[in-house]
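Each chain is listed here by its residues.
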Amino acid sequence: MQKIGHFIGGKKVEGTSGRYSDVFNPATGEVQAQVALASQQEIDAAVANAADAQPAWAATNPQRRARVMMKFVDLLNRDMDKLAEALSREHGKTLPDAKGDVIRGLEVAEFCIGAPHLLKGEFTEGAGPGIDMYSMRQPLGVVAGITPFNFPAMIPMWKFCPAIACGNSFVLKPSERDPSVPIMLAELMIEAGLPAGVLNVVNGDKSAVDAILDHETIQAVGFVGSTPIAQYVYSRATAAGKRAQCFGGAKNHMIIMPDADLDQAADALIGAGYGAAGERCMAVSVAVPVGQSTADALIEKLAPKIESLKIGPYTAGDDVDFGPLVTKEALGRVRGLVDQGVKEGANLVVDGRNFSMQGYENGYFMGGCLFDNVTRDMEIYKTEIFGPVLSVVRAETYEEALDLPLSHEYGNGTAIFTRDGDTARDFASRINIGMVGINVPIPVPLAYHTFGGWKKSGFGDLNQHGPDGFKFYTRTKTVTARWPSGLKDGAEFVIPTMK
Ligand code: NAD
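So, how was this worked out
Residues numbered from 1 in each chain as written. Predicted model: local features only at pLDDT ≥ 70, side-chain atom pairs only at ≥ 80, totals over all residues. Heavy atoms only, no water. Helix = DSSP H or I, 4+ residues; strand = E, 2+ residues; numbered from the N terminus. Buried < 20%, exposed > 50% of the residue type's maximum accessible area, 1.4 Å probe, protein only. Polar contact = N/O pair within 3.5 Å; in protein donor to acceptor, adjacent residues only side chain to side chain. Contact = heavy atoms within 4.5 Å. Pairing = 2+ DSSP bridges. Right-handed = clockwise from strand over helix to strand, strands pointing away. Axes fitted to C-alpha atoms, helices over the stretch in contact; angles between N-to-C directions. Phe/Tyr/Trp six-rings, centres within 6.5 Å; stacked < 30°, edge-to-face > 60°. Core = buried A, V, L, I, M, F, W, Y, C linked by side-chain atoms within 4.5 Å. Domains from an automatic or database assignment. Near = heavy atom within 4 Å. Areas by Shrake-Rupley, 256 points an atom, 1.4 Å probe, with all protein chains shown as cover. Salt bridge = Lys/Arg side-chain N within 4 Å of Asp/Glu carboxyl O.

Quick notes on the side chain of Asn252
Residue position: Asn252 is located in strand β13 (residues 252-256). Residue class for Asn252 comes out buried when judged on its relative accessible area of 2%. Only 2.8 Å separates the side chain of Asn252 from the backbone oxygen of Ala283, close enough to count as a polar contact. In this view, Asn252 contacts Cys281, Met282, Ala283, Val284, Ser285, Val286, Asn412 and Gly413; residues no more than four positions away in its chain are not counted.

Next up, the structure:
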């Protein structure tokens, strides 16, 4: 059985804790590897390597650091097929979608090539007589990232690229479900010229996470995953005096106004609701058509599209729409929630619960499900399902539709489909959600803007990537310097003010 260890001090190392977790092929249900679960000593070793490497890396000028990113981008392109295959084999998503996962991370690496510009400070000449004032952004030291299973390439890169470009060293704790790609990324960073020890990858579970959260040397923690763990990580990390940004779960609504192009809206819902088997934090899981006739027409368009979705393993070709869920537990949980929706009285228009993939009967496949007449009090409305299940909540008016995402505890993404600019502007202005799409179903901001949800979808005050990423991984130092032109006047006992 293949064993996956850690990446510490610039090379792969075996796990020494004696604890392992199975890594499945979700398409077949077979255990294809075992990933080591790090002990406290292994976290200590990764942090020690990171701490040793960081001062010299911080002293490397930003342009040279940016050149490592430039080379890393080249290597990601060179190894794209290999990375996508490894990703699909452990996650289950289709190959084109796995490439998208790598590319969305690569784009952040590209953005980080601008580090010399982004790290430029501020300068005021002549803030007082003979006084100049300047602010510089300096790295924090050793920082850490804890990432989820659903984007095993993109999210680790969203964390370590800006952190490293800013001059920090990094300890990454990726998801134990799909651990291969993060280690491949670390190897590519070394090949790109990153000094050993600046990027370390430790695999593990809760005990590795807790060791990171309590580690005195680690200055900041970036987390992405489910909301209860995001909240836990945020409180424990900040209680230990660390800087933390923790992104959680979602329930993304898409409002369809009566004037929307319904064919466009239905296609958008199919891609955004069922792509990656719904295992995306920006998946649309609630459709809110406004008006009964909009709802009836929408359901009529959606149902046959969902029934004819092509489900299969990533090896079945590029025209597969989505693959299996990540684990048997995930499959059981999603099926259970659909059962509950039926019990609670929602109308299951398309039932994908019993879908079985011929030749892959032990894989974690499930067909697309569509619920109509879902209401606010139902569990399927309140909970993040994280599976190929779309709920339709009917609204009579725009205000009633707007109130649904406005009142929901999650605030990651949302969208409105309309031809009316006034409605779209009103929605974008009033909604309390971090990322908004107007006739765009999955409004994931590009690398040079920032990504982050509101309410229970994000804890901490800065977003991921874009300028916020550079702010999160640096701290500001402001220097006030006086070079008197005349004789020194002597001591001053009054606080300096602008006279
Ligand atoms: P998860 O919360 O189970 O795991 C995330 C990370 O936390 C993993 O590294 C895992 O090992 C660790 N972890 C798990 N249980 C822990 C515990 N008890 N104590 C400490 N650490 C623990 O999430 P997941 O299932 O891997 O990912 C799916 C979730 O991530 C969904 O809720 C999805 O919405 C969310 N997500 C959010 C965003 C975002 O940007 N908001 C992006 C992607 C995914």
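Resuming the write-up.
Things to note about the pairing of β13
Taking burial as the measure, the 5 residues of β13 include 5 buried ones, the bulk of the element. Burial along β13 is two-sided: the face carrying Asn252, Met254 and Ile256 and the face carrying His253 and Ile255 are both buried. Direction of pairing for β13 relative to strand β14 (residues 284-289): parallel, over a ladder of 5 bridges. Residue pairing across strands places Ile255 opposite Val288, the latter belonging to β14. Once you follow β13 into helix α10 (residues 262-274) and on to β14, the crossover reads as right-handed. Bridge count between β13 and strand β19 (residues 413-417): 4 bridges; the pairing is parallel. By the bridge assignment, His253 is partnered in β19 with Thr414.

As for the sheet that holds strand β23 (residues 474-482)
Pairing is antiparallel in the open sheet, where 3 strands are placed in the order β6-β7-β23. Two strands lie at the open edges of the sheet, namely β6 (122-128) and β23, each paired on one side alone. Each strand of the sheet is rotated relative to its neighbour by a mean of 25°, with strand direction disregarded. Two strands pair when backbone bridges link them, and β6 and strand β7 (residues 131-139) are joined in this way by 4 bridges, in the antiparallel orientation. Residue pairing in the sheet places Glu122 in a bridge with Ser135 of β7.

Considering the packing of aromatic side chains
Inspection of the entire model under this criterion finds 10 aromatic pairs. Considering the side-chain rings of Phe72 and Phe160, the 6.1 Å spacing of their centres and the 55° angle between planes classify their relative orientation as tilted. Taken together, the residues Phe72 in helix α2 (residues 62-78) and Phe160 in helix α6 (residues 154-165) connect sequence positions 88 residues apart. What makes Phe72 buried here is its relative accessible area of 0%. Classification of Phe160 by relative accessible area gives buried; the value is 0%.

Description of the nonpolar core
Counting 68 residues, the largest nonpolar core has Phe72, Leu76, Met157, Phe160, Cys161, Ile164 and Phe170 as the members making the most contacts within it. For this core, the domains that each give at least three residues are domain 1 (2-248 + 457-479) and domain 2 (252-438). In this structure, Cys161 is in contact with Met69, Phe72, Val108, Ala109 and Cys112, ignoring residues within four places of it in sequence. One finds Ala272, Val288, Ile380 and Ile431 within the second-largest nonpolar core, a separate group that totals 67 residues.

Overview of the site of the ligand
Neighbouring the ligand are 26 residues; Thr147, Lys173, Glu176, Ser226 and Glu384 lie closest to it. Phe149 places a polar main-chain atom, nitrogen or oxygen, 3.0 Å from an oxygen atom of the ligand. Here an oxygen atom of the ligand and a side-chain polar atom of Glu176 are 2.7 Å apart. In isolation the ligand has 840 Å² of accessible area, and contact with the protein removes 86% of it.

Concerning the domain arrangement of the protein
When the domains of the protein are assigned, the result is domain 1 (2-248 + 457-479) and domain 2 (252-438). Listed per partner, the contact involves 22 residues of domain 1 and 24 residues of domain 2. Across the contact surface, domain 1 and domain 2 share 1 salt bridge. Joining domain 1 to domain 2, the criterion identifies 6 residue pairs in polar contact (both at pLDDT 80 or more). Listing elements by their share of the side of domain 1 that touches domain 2, those giving two or more residues are α3 (80-91) and α4 (95-112).

Regarding the environment of Leu462
Position of Leu462 relative to the elements: it lies in the loop between β22 (458-459) and α16 (466-472). Separated by 216 residues in sequence, Leu462 and Cys246 have C-alpha atoms that sit 9.6 Å apart. With near-sequence residues (within four places) excluded, Leu462 lies in contact with Gln245, Phe247, Asp468, Lys471 and Phe472.

Notes on the pattern of salt bridges
Side-chain pairs of opposite charge can arise where the charged atoms are in close proximity. Scanning the entire structure with this criterion turns up 26 salt bridges. Asp351 is the partner of Arg353 in a salt bridge, and the nearest nitrogen-oxygen pair spans 2.9 Å. Look at Arg353 and you get buried, because its relative accessible area is 18%. Asp351 gets classed as partly exposed once you look at its relative accessible area, which sits at 39%.

Here we look at the sheet that holds strand β5 (residues 30-36)
Within the open sheet, the 3 strands sit side by side as β1-β5-β4. Their pairing is mixed. If you trace the sheet from one side to the other, it starts and ends with β1 (2-4) and β4 (20-25), each paired once. Across the sheet, the axes of successive neighbouring strands diverge by a mean angle of 35°, strand direction being ignored. Two elements, β1 and β5, share 3 bridges in a ladder whose sense is parallel. From the neighbouring strand, Ile4 faces β5, where its bridge partner is Val35. The sheet contacts of α3 involve β1, β4 and β5, and relative to β4 the element is tilted by about 100°.

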